[in-house]
Amino acid sequence: MKHQNTSLFQVHFRSILLDHIRCIKQPKAVFFTCMDSRMIPTRFTETNVGDMFVVRNAGNLIPHSQHFLDELTTNEPAALELGCVVNDIRHIIVCGHSDCKAMNLLHALQDVDFASKENRRISPLRAWLCTHAMSSLEKYQQLQVAGFHTPLIFQSETPLRKFVAYIDPENKFSVEDKLSQINCLQQLQNIASYGFLKKRLESHDLHIHALWFDIYTGDIYYFSRQNKKFVEINEMTVDMLEQEVLRFYS
C-alpha cells in the first residue's frame with residue numbers, strides 16, 4: 001500500500017526525471033559559474049539533465065595550478081579532471097555575471113586595511129578572494145590606470161597563444177561589473193595552467209569559452225575572440241558567433 005505522505009515529486013516527477021536520466025548521453029561541457037542564488041545556469045542556457053557538469057563557487061573562480069603543490073587541491077581542478085579527462089568532455093565554459101557580490105568584495109579589497117591578514121583570518125571569503133582572485137584585480141587595475149580604454153592581453157590555451165580583450169568598450173556597466181568580466185577571462189588563463197589538460201588544449205581537442213550574464217536584463221554575452229570583446233547573443237549576432245565557434249573550435 002502506497003504511503004499517504006508520498007511527496008508530489010515522487011508521484012508526478014520521479015518517473016519523468018528517471019526517463020531523462022536514462023536518455024543521458026555524453027555531457028557537452030564543464031560549466032563553471034557563481035553560487036549566487038540569482039544564477040540558474042540550466043535556465044538561461046536552456047540545458048537539460050545530463051547536458052553539463054556544473055561547478056559553482058563564490059566568484060566563479062578556477063584557482064591557478066601554481067597553488068597546488070604536493071597534495072593540496074580543491075574541488076575545481078578535480079572537476080576539470082573528472083569532466084575533461086575521465087569523461088572526455090571537449091568544452092569548458094566560465095560564466096560570470098553582473099552585480100556579483102564576490103566581485104564587489106574583490107573590488108573593495110583594493111583597500112589595504114580591508115584586505116589585511118587580520119581581516120582575512122576572520123573571513124573565509126576574503127581569504128578565498130585574496131588567494132585566488134588577485135590576478136583578476138591586478139588586471140583590472142591595469143585597465144583602470146589606462147582609463148578603461150586600452151585592451152588587456154590574456155594567455156590562451158597555450159603559453160604561446162594570447163587573446164586581446166576590450167572590456168566594456170561602450171561603458172555600459174559599473175566598475176565592479178567590468179572587474180567581473182575581467183575575472184571571467186582570467187579563469188580561462190587559469191584553466192590552461194593545468195598540465196593534465198595541456199595535450200588536449202594544444203591539439204585543439206579541448207576548448208575554453210567565456211560567458212557573462214546580466215542578471216537584471218537577462219542578456220547573455222559571449223566573449224568573441226574575433227571581436228575582442230563580450231558580444232550580446234541575440235538575433236543580430238547569433239549567426240556570426242556560431243560561425244566563429246565553428247571556425248575556432250571545430
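Treat the numbers as computed from the prediction; the structure is a model and nothing was measured.

Asks: I would appreciate a short explanation of the UniProt feature "binding site: Zn(2+)" (unreviewed entry) in the protein in the present structure.
Replies: Listed under "binding site: Zn(2+)" (unreviewed entry) in the UniProt record, and renumbered for this structure, are Cys 34, Asp 36, His 97 and Cys 100. Across 67 residues, the annotated set stays spatially compact, with a maximum C-alpha separation of 9.1 Å. When you line up the elements, Cys 34 lands in strand β1 (residues 29–34). Excluding anything up to four places from it in sequence, Cys 34 contacts Met 39, Arg 56, Asn 57, Gly 59, Asn 60, Cys 95, His 97 and Cys 100. Assessed through its relative accessible area of 1%, Cys 100 is described here as buried. Cys 100 has contacts with Cys 34 and Gly 59, leaving out every residue within four places of it along the chain.

Asks: Any chance you could explain the side chain of Ser 136 here in plain terms?
Replies: Here Ser 136 is to be found in helix α7 (residues 134–145). With residues near it in sequence (within four places) discarded, Ser 136 still touches Leu 106, Leu 179, Ile 182, Asn 183, Gln 186 and Gln 187.

Asks: Can you walk me through the pattern of salt bridges in this structure?
Replies: Oppositely charged side chains can form a pair if their charged atoms are brought close together. One pass over the full model with this rule turns up eleven salt bridges. As a salt-bridge pair, Arg 161 and Glu 157 come within 3.6 Å of each other at their nearest N and O atoms. What makes Arg 161 partly exposed here is its relative accessible area of 29%. When its relative accessible area of 5% is taken as the criterion, Glu 157 is described as buried. The shortest N-O distance in the salt bridge between Lys 198 and Glu 202 comes to 2.8 Å. Of this pair, Lys 198 and Glu 202 both sit in helix α9 (residues 195–202), four residues apart, which is roughly one turn of the helix. Looking at Lys 198, the relative accessible area reads 45%, which means it is partly exposed. Residue Glu 202 is classed as partly exposed on the basis of its relative accessible area of 40%.

What counts, and where the lines are drawn
Residues numbered from 1 in each chain as written. Predicted model: local features only at pLDDT ≥ 70, side-chain atom pairs only at ≥ 80, totals over all residues. Heavy atoms only, no water. UniProt positions renumbered as here; feature names shortened; annotations may be inferred. Helix = DSSP H or I, 4+ residues; strand = E, 2+ residues; numbered from the N terminus. Contact = heavy atoms within 4.5 Å. Buried < 20%, exposed > 50% of the residue type's maximum accessible area, 1.4 Å probe, protein only. Salt bridge = Lys/Arg side-chain N within 4 Å of Asp/Glu carboxyl O.

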